[in-house]
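Chain and residue survey
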Amino acid sequence: MARALLLSLLVRQHMALKEKFRAKYPHPWLVWEAGAWNVPETTEGNVGATRLPLSDLRDCLPAGDAMCFELVALAERGPMRLGRASHNALVVNDATVSREQLILTPRPHHGWHVARVADSRPVSMNGQELAADGALLHPGAKLEVGDVRLTFHDADGFDERISRIAAQVLAQAISR
């Protein structure tokens, strides 16, 4: 199973480690973006799907934390599976995600390849349906799996994102 860390924890580590942060985390990340979720309005009783709040309410709800999955390309590990079931390397516990949804495969010198598991729910990448044979993940690629939003970052992009958030946290602390 891949290690998953909260974004807020990584921001605190970045602030403490400074330039040593990159040495500790020199690999790509897949970030399960934060979202404010609500229960769908229905009279059908028990509904397993989560839904994003109405667009006019999203800015009123508190932003949650994000879950960050380390994508460490170990030769002996091979492909990593993402899905709702606990046996996956990357577990996304959301009812709108299939038990086995995606396969992420490290490609030497070419980053990561993503493909949808046969018979799983549809997946889009950057707003387009993911091709049957999958695609290479480029920095900043956005995957949508049901109501879950995932963002792929290479090491540089992730460090830049963490640095930006850490700077905002420091600025807020100074202004208080």
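Right above here is the structure, for reference.
Read on for an overview of the structure. (Residues numbered from 1 in each chain as written. Predicted model: local features only at pLDDT ≥ 70, side-chain atom pairs only at ≥ 80, totals over all residues. Heavy atoms only, no water.)

1. Side note on the sheet that holds strand β4 (residues 80-83)
Selection criterion: Strands pair, by our definition, only if DSSP identifies at least two bridges between them. Strands are runs of DSSP state E lasting at least two residues, helices are runs of H or I lasting at least four, and both sets are numbered from the N terminus onward.
Judged by pairing direction, the sheet is mixed, and its five strands sit side by side in the order β5-β4-β6-β7-β10 without closing on themselves. Two strands close off the open sheet at either side, each with one partner strand: β5 (90-91) and β10 (135-137). Across three bridges, strand β7 (residues 111-116) lies against β10 in antiparallel orientation. Across the sheet, the residue bridging to W112 is L137, located in β10.

2. Description of the pairing of strand β11 (residues 142-145)
Formally: A simple rule labels every residue: compare its accessible area, found with a 1.4 Å probe on the protein chains alone, to the largest value its type can have, and call it buried under 20%, exposed over 50%, or partly exposed in between.
Burial of the side chains of β11 is restricted to one face: L143 and V145 are buried, whereas none of K142 and E144 on the reverse face is. Direction of pairing for strand β8 (residues 123-125) relative to β11: antiparallel, over a ladder of three bridges. Directly across from S124, in β11, lies its bridge partner E144. Bridge count between β11 and strand β12 (residues 148-153): four bridges; the pairing is antiparallel. Paired with K142 across the strands is T151, a residue of β12. The turn joining β11 and β12, which pair antiparallel and follow one another in sequence, is formed by two residues; a positive phi near 60 degrees is taken by G146.

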